[in-house]
Amino acid sequence: LAAANGSLAEYLSFESALSAVDMALASSFAAVQAAMDLDNFIDFLAVEIYAVNTSWFHNREMWKSNEAGGRWEWLLTDMDRGIALENLNNSLFDDFKRDPVYAQLIESEAFRQRFIQHYTAHLNSTLSPRRLASMVDSLARGIAPEMVRHSARWSFQGGIASPAAWEESLR
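Conventions and cut-offs
Residues numbered from 1 in each chain as written. Predicted model: local features only at pLDDT ≥ 70, side-chain atom pairs only at ≥ 80, totals over all residues. Heavy atoms only, no water. Helix = DSSP H or I, 4+ residues; strand = E, 2+ residues; numbered from the N terminus. Expected span 1.5 Å × (residues − 1). Buried < 20%, exposed > 50% of the residue type's maximum accessible area, 1.4 Å probe, protein only. Arc of directions from axis to C-beta. Polar contact = N/O pair within 3.5 Å; in protein donor to acceptor, adjacent residues only side chain to side chain. Phe/Tyr/Trp six-rings, centres within 6.5 Å; stacked < 30°, edge-to-face > 60°. Lys NZ or Arg CZ within 6 Å of the ring centre and 35° of its normal.

S.K.: Which residues make up helix α6 (residues 109–124), and what values do they have?
M.R.: An ideal rise of 1.5 Å per residue puts 22 Å on 16 residues; α6 measures up with 23 Å between its terminal C-alpha atoms. Taken together, the buried positions of α6 are occupied by F111, F115, Y119 and H122. On an axial view of α6, the arc spanned by its buried residues comes to 55°, and they lie on one face. Facing away from the buried side of α6, by more than 90 degrees, are the exposed residues Q117 and N124. Capping of α6 at its N-terminal end is provided by S108; its side-chain oxygen lies 3.3 Å from the backbone amide nitrogen of A110.

S.K.: Which residues make up the packing of aromatic side chains, and what values go with them?
M.R.: Tallied over the entire structure, the rule returns eight aromatic pairs. Both rings, one in Y11 and one in W74, keep their centres 6.5 Å apart while their planes meet at 75°; by these two values the pair is edge-to-face. Of the two residues, Y11 sits in helix α1 (residues 8–19) while W74 sits in strand β2 (residues 73–75), which places them 63 residues apart along the sequence. Ring centres of F41 and F44 lie 6.3 Å apart, and the angle between their planes is 25°; on these two criteria the pair is classed as stacked. A residue pair is termed a helical-turn pair when its members lie 3 or 4 positions apart in one helix, as F41 and F44 do in helix α3 (residues 38–51) at three residues. In terms of burial, F41 and F44 fall into one category: buried. Put simply, the rings of Y11, F14, F41, F44, W72 and W74 touch in pairs and so form one group of aromatic residues. Between K64 and the ring centre of W72, over which it is positioned, the NZ or CZ distance is 5.9 Å.

And the structure:
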C-alpha cells in the first residue's frame, strides 16, 4: 500500500483498530459501519470475485473524505487480469483473507448475510451475462484502436499478448 494523497497512516490505523474488535458483537459491527462504507466494500468484493481478478491485492485503492463523518470506500482499478479462463481455478476467497478488512468482516454473521444478499442481487442485475456482454461489446469497440500499443507496453508482464489475443478473449 502507498498513499498517493492523504495519509496511509490513517488507513493503517483503521485496519489495526478493526483487527482488535470482536465482530460477533452488534456494537462492533455498528462501529465498523460508521468507519467504512460497507455496501461499497461489498460492491468492490463482488466485482473482484466475479472477475476472479488475480491482481486485486496489489492494486487495492481506498479513500476517505476529510470531512466530518467521512468513511472509507474502495475503488476498482486495474481489472485487466480479470475474467480470464486461466483464472477460473483461482481460490479468490482464500486469497481475500490476506486483506485485513475482509478477514475481520467475514467473522461477522451480519456481514456474511449482507454480503450474500448483496452479491446475489448483483448476480441478478449488475453482473448479469446479458448486461455485461452488451457493455463489453460497446467498450471493446472504443478501445480496439489502442490495443496495439497496450499489448506492446504490457505483454512482457503477463498482460495482453497481442490485439489478436485480446479479440479472442472477448469471445
